[in-house]
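These are the residues of each chain, in order.
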Amino acid sequence: MAETVQAPVEERTKDRMEEMYVNMGPQHPSTHGVLRLLLKLDGEVVLECTPYIGYLHRCHEKIGENRTYTQVIPYTDRLDYLASMYNNWGYVLAVERLFGGDIKIPERAEYIRLILGELQRIASHLIWLGTFGLDLGNFTIFMYCFREREMILDLFESVSGQRLNYSFYRIGGVALDLPDSFVSDCKAFLEWFKPRLPEYDAITTDNIIWQKRTQGLGILPKDIALSCAASGPMLRASGIKWDLRREDPYGIYNRFEFDIPVGENGDVWDRFWVRRREMEESVKIVEQALEQLPPGEVMGKVPKKLAPPPGDLYSRVESPRGELGFYLVSDGSTKPYRYKVRSPAFVNLSTLPSIAPGHLVADMVAILGSIDIVLGEVDR
Amino acid sequence: MIEQLVQRLYTLSATWDIPPLVVQLLLMVVVAVIIILFVSVSVMFLVWWERKISAHIQARFGPMRVGGWHGWAQSIADGIKLILKEDIVPQAADRIIFALAPMVVFATALTLYIIIPFGPGLIVKDLNIGVLFYISLSSLTVVGIVMAGWSSGNKYSALGALRSAAQVVSYEVPLVVSVLPVIMLAGSLRMTDIIAAQEKIWFIVPQVVAFLTFFTAALAETNRLPFDIPEAESELVAGFHVEYSGIRFAMFFMAEYANMFTVSAIAVTCFLGGWRGPALVPFLPEKFWAVFWFLTKTYFLIFVMIWLRWTLARLRVDQLMNLGWKVLLPIAFLNLGVTGVVMVLLG
C-alpha cells in the first residue's frame, strides 16, 4: 500500500513544544548593556539568535569628523568605557602615524603608555571575569574582581585625576608625568594582585560547577572565527595565535617578554582561560616596564597647528577586546575628513548568531558573556 | 504547663457553658499567631543574617546603617518598604490566580511549621505521619510557583515556572528516598519518635549518605543556589516572580526563607538528633536547652546553605536533572537497600 510517507502535520509536531520568541534585552541583566537578542526558542533551546544593536548609537564617527584631531581624544574614552586608556592609545597612535614619523614620542612617554595600557587590560579583564561570574550565578567572584579593579582605578586616579574616562594620552606623548609615588604604589598593587589570581581559581577554575557550565559550549571553530574577523581573546581561544602586540608591534612591546595564551577548542572555557592567563602576562609586562622606566620628558615636539599631510591610514592596536582599529583620512586640514573605528566588540559579536543555536537559554547567557562586549563600543 | 493551661481553659468553658469548639478555635488562632510571629521574626533575622554572611564572604560589610548596631533593623525597614509599595498587576495577568499564587506559597510554608519539634512538648501537632506531612506539603509550593509563573503573562515567568515544576518533581523523589532509611531505623513517621530513636546515636552517623543526599535535594527543593534555576537572575531576570512587587513579592521572599528554616529543621530532626544536646549551664531548665540546641543546629544548617549559595555558580537545567535522576536517586536507593540488608542481618 503506497500510503503517505510523511505523517500529517499534527502527528509530526505532537511531541514538540510550540516555538516561542523571546526578546532578551534591551533591559536584561545579562546583556551587558542595551543589547537586544531576539531568541527563537523551542522550550529552552535556542533555535535562532539575532542580535539587534544601535540602542547606544551616538554618531561617534560623525562627531569626530567635526572636531580637531586633539578634540577627538575625549570622545574615544567613551567608546569602550572599560578600557579608556587603550582607546586613547589607539587613536593617538593613528594620528601620530598619519604624520608619518614627524612626531617623536619620548621614551618615558612610551613606557607610561605601555604600563597604563597593560594595567587597563587587567582592569578590563577583571570586570569581564566578574560579570561573567554573575552570568553563571556566582556573585562572589564579581565582588573580588571589583575589589582589585578598584585599586587599579586608584592608580589611574593618581596619574590622571580621573577614574573612568581618562583622556590621558596626547598626540606626541601623555598629558602628565607619573606622580612620585606611582612606581612604588604600582609595585605594591602587583604584589597584592599576584596571589589573588589563585584565589579566583579556587572559586572558578577549580570548581566543578564552573567547569561544567563553560566547557564544550559555544564552540567557535577556526574558520568561522576567521571569516567573521574575530580578534583578541575570542580568536586566540579558537587556537589561532594572533596578537597585534606581537604580529604588528606598536609602542615598545617588542622589548618585553610575554607569552600569548592560546586556547584549543574555542569554547567558553577557553575564552575564560585565555583571559585569565592574559592577566598574568600583563602583570609580567608591567613588572618589566617598571624596572626599565627611564627618566625624561613625557611630551614630544608637536606642531602648534595639528594638520597632518593629506592621505589615509589604518592603524590598529590590541585592546583588551581585540583588534581596535582607527581609519583616518586627512585632507590636510585640522579635522579628519573621515574617521572610522573598527571596534573589536562589534566584530566579535557578529559571531554570536552562528555559535548560539542549539544551546539552552542559560548557556546563551554564558556564551554572550564570554564574547565580552561593551555596548559603548559596539554601537559607537 | 501548657497542657495544664489548656485543660483549665476547657474546664472553665464547661462551667461557663461555652461550647468547646470556641475554645478550640481560640487555641488555633493563638497558635497561628505564634507561628506567624515566629516565622516573621525568624525570616527577618535570616534575611539580615544572609546579607551579613554574604557580605563578609565577599569582603564587604553589608548593612551597617539602619538601627545602629550592624544595621540590625535593615530587614524591618525593608519589610515596611515592601508593604508600602504600589501593588502592580500586569495587564496580561490572570488577576485571580496572580493574587492567589503568593498566598498558596506562603500558606504552605507556614503550615509546615506545625510539625516542627522545637523541644519536648513544643510541637504544635505531633502528627503520626509527620515526615509524610512535610514531604507532601512541601511539594505544594511548586503549585503556587507554577500558578505565579503562568498567570503573570510573562515569558520569563513561564520559563521559570516550567523549570520549577521539573526541578521539584525531580528532587522530590531523592528527597523521599533519602529520608526512608531514617524512618526504617526509627520505625515511625512521628517526629518525636524519630528524635527518641536517636537517643544513643544521631542518625547522621549510620546515615551520612542519606544526610548528604537529603541536604542536596533540600537545597533544590528550596530553590537555593546552586539550584536556583527557577529564578536564575542572569537568565530569567527573576523567573516566576518577575512581575510581582510590593507585599506579594514579600510573600514569596518570606516563604523562601521560611522554607529554608523548615527544611533545615527537618534535617536536624531526622539526622542531627533533634533537640538533643548537653545542658551547658546546669541551672537553666531542660526545655531551654532543648530549644537552644534545636535552633543552634538548625541555624548552622542554614548557615551552610547560605555559605554554599555565595560560593558556587548555578547549575544548568539539564545538569540539574542529570544530578537528580542519575546521581542522587541511585545513591539514595543504594543506601536504602544497604540499610535494609544491614537491619535484617543485625536483627
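Quick note: structure is the one above.
Residue indices follow the written sequence of each chain, beginning from 1 at its first position. Chain letters and ligand numbers both follow the written order, the letters beginning at A and the numbers at 1. Totals for whole chains, interfaces and linings use all residues, but because this is a predicted model, local features are given only for residues with pLDDT of at least 70 and pairs of side-chain atoms are given and counted only at 80 or more. Processing note: side-chain calculations cover all non-hydrogen atoms of the structure and skip hydrogens and water entirely.

Caption draft 1: Here's a closer look at the overall build of chain A. Secondary structure elements are defined from DSSP: runs of H or I of at least 4 residues count as helices, runs of E of at least 2 residues count as strands, and each element is numbered from the N terminus. A tally of regular secondary structure across chain A gives 17 helices and eight strands. As defined in this context, the radius of gyration uses C-alpha atoms, and a globule is described by 2.2 Å times the residue total to the power 0.38. Against the globule reference of 21 Å for 380 residues, chain A gives a C-alpha radius of gyration of 23 Å, in line with a compact fold. Its C-alpha atoms give chain A principal-axis dimensions of roughly 90 × 50 × 35 Å. Summarising the internal contacts of chain A: among those between residues at least 6 apart in sequence, 72% fall at separations of at least 24. Charge assignment: positive for Lys and Arg, negative for Asp and Glu; neither His nor the chain ends contribute. We put the charge of a Lys on NZ, of an Arg on CZ, of an Asp on CG and of a Glu on CD. The distance from the centre of the 44 positive side-chain charges to the centre of the 53 negative ones in chain A is 5 Å. Two residues qualify as a contact provided that any one of their heavy atoms is within 4.5 Å of a heavy atom in the partner residue.

Caption draft 2: Seen up close, the environment of Phe288(B). Looking at where Phe288(B) falls in the secondary structure, it is placed in helix α12 (residues 286–309). In this structure, the C-alpha to C-alpha distance between Phe288(B) and Leu9(B), residues 279 residues apart in sequence, is 25 Å.

Caption draft 3: Broad picture of the sheet that holds strand β6 (residues 311–319) of chain A. Residues and elements named next belong to chain A. Note on pairing: DSSP must find at least two bridges between two strands before they are called paired. Overall, antiparallel pairing links the three strands, which are arranged β6-β7-β8 in an open sheet. Edge strands, defined here as strands with exactly one partner in the open sheet, are β6 and β8 (336–342). Each strand axis lies, on average, 15 degrees off the axis of its neighbour in the sheet, ignoring direction. For helices, the axis comes from a line fit to the C-alpha atoms of the stretch in contact; other axes are also lines fit to C-alpha atoms, and the angle between any two N-to-C directions lies between 0 and 180 degrees. With respect to the sheet, helix α4 (residues 84–98) is in contact with β6, β7 (322–330) and β8, its orientation differing from that of β6 by roughly 150 degrees.

Caption draft 4: Local environment of the environment of Asp77(A). Residue and element names in this part refer to chain A. With respect to the helices, strands and loops of the structure, Asp77 is situated in helix α3 (residues 73–77). The exposure class of Asp77 is buried, given its relative accessible area of 0%. Taking the C-alpha atoms as reference points, Asp77 and Phe168, 91 residues apart in sequence, are found 9.4 Å from one another. Dropping the residues within four chain positions of it, Asp77 is found in contact with Ser84, Asn87, Asn88, Asn165, Tyr166 and Ser167. At a separation of 2.8 Å, a polar atom in the side chain of Asp77 contacts the side chain of Asn88. Residue burial is assigned from relative accessible area. The probe radius is 1.4 Å, only protein chains are included, and a residue is buried under 20% of its type maximum, exposed over 50%, and partly exposed in between. Any N or O atom pair separated by 3.5 Å or less is treated as a polar contact, with the protein-specific requirement of one donor-capable and one acceptor-capable atom, and with residues adjacent in sequence counted only for side-chain atom pairs.

Caption draft 5: Inspection of the interface of chain B and chain A at higher detail. Contacts between the two partners involve 24 residues from chain B and, on the opposite side, 34 residues from chain A. Note on definitions: buried area is the accessible-area loss of two parts on being combined, 1.4 Å probe, summed for both. When chain B packs against chain A, close to 2400 Å² is buried across both sides, 60% of that on carbon and sulfur atoms. The working definition used for a salt bridge is a side-chain nitrogen of Lys or Arg within 4 Å of a carboxyl oxygen of Asp or Glu. Linking chain B to chain A there are zero salt bridges. Run the count over chain B and chain A and you get seven residue pairs in polar contact (both at pLDDT 80 or more). For the side of chain B that touches chain A, the secondary-structure elements that each account for two or more residues are α7 (155–186), α10 (233–236) and α13 (317–346) of chain B. No other element matches the four residues that α7(B) contributes to the side of chain B that touches chain A.

Caption draft 6: Region of the structure containing the nonpolar core. The biggest cluster of nonpolar side chains holds 192 residues, and the ones touching the most others in it are Tyr91(A), Leu119(A), Phe182(A) and Leu352(A). For this core, the element with the highest residue contribution is helix α11 (residues 246–271) of chain B, accounting for 14 residues. Note that domain bounds follow an automatic or database assignment of domains. Here this core gathers at least three residues from each of two domains, domain 1 (9–52) and domain 2 (60–379) of chain A. Apart from residues no more than four positions distant in its own chain, Leu119(A) is found in contact with Ile152(A), Leu155(A), Phe156(A), Phe182(A), Cys186(A), Phe189(A) and Val286(A). As used in this record, nonpolar core signifies buried Ala, Val, Leu, Ile, Met, Phe, Trp, Tyr and Cys residues forming a set joined through side-chain atoms within 4.5 Å.

Caption draft 7: Representation of the pattern of salt bridges within the structure. Residues and elements named next belong to chain A. Per the counting criterion, the structure on display carries 37 salt bridges over all chains. Across the pair Asp243 and Arg236 runs a salt bridge whose closest N-O atoms are separated by 3.5 Å. Residues Glu323 and Arg316 are paired through a salt bridge, measuring 3.6 Å at the closest nitrogen-oxygen approach. Linked through salt bridges whose partners overlap, the residues forming this network are Glu118, Arg121, Arg236, Asp243, Arg245, Glu278 and Glu318.

Caption draft 8: The sheet that holds strand β3 (residues 45–52) of chain A, seen in detail. Residues and elements named next belong to chain A. Pairing in this open sheet of three strands is antiparallel, and the strands run β1-β2-β3 from one edge to the other. Each having just a single partner strand, β1 (19–24) and β3 make up the two edges of the open sheet. The mean inter-strand angle of the sheet, taken between neighbouring strand axes irrespective of direction, is 20 degrees. Here strand β2 (residues 36–42) runs beside β3; their pairing, made up of seven bridges, is antiparallel. Its bridge partner being in β3, Arg36 is matched across the sheet by Tyr52.

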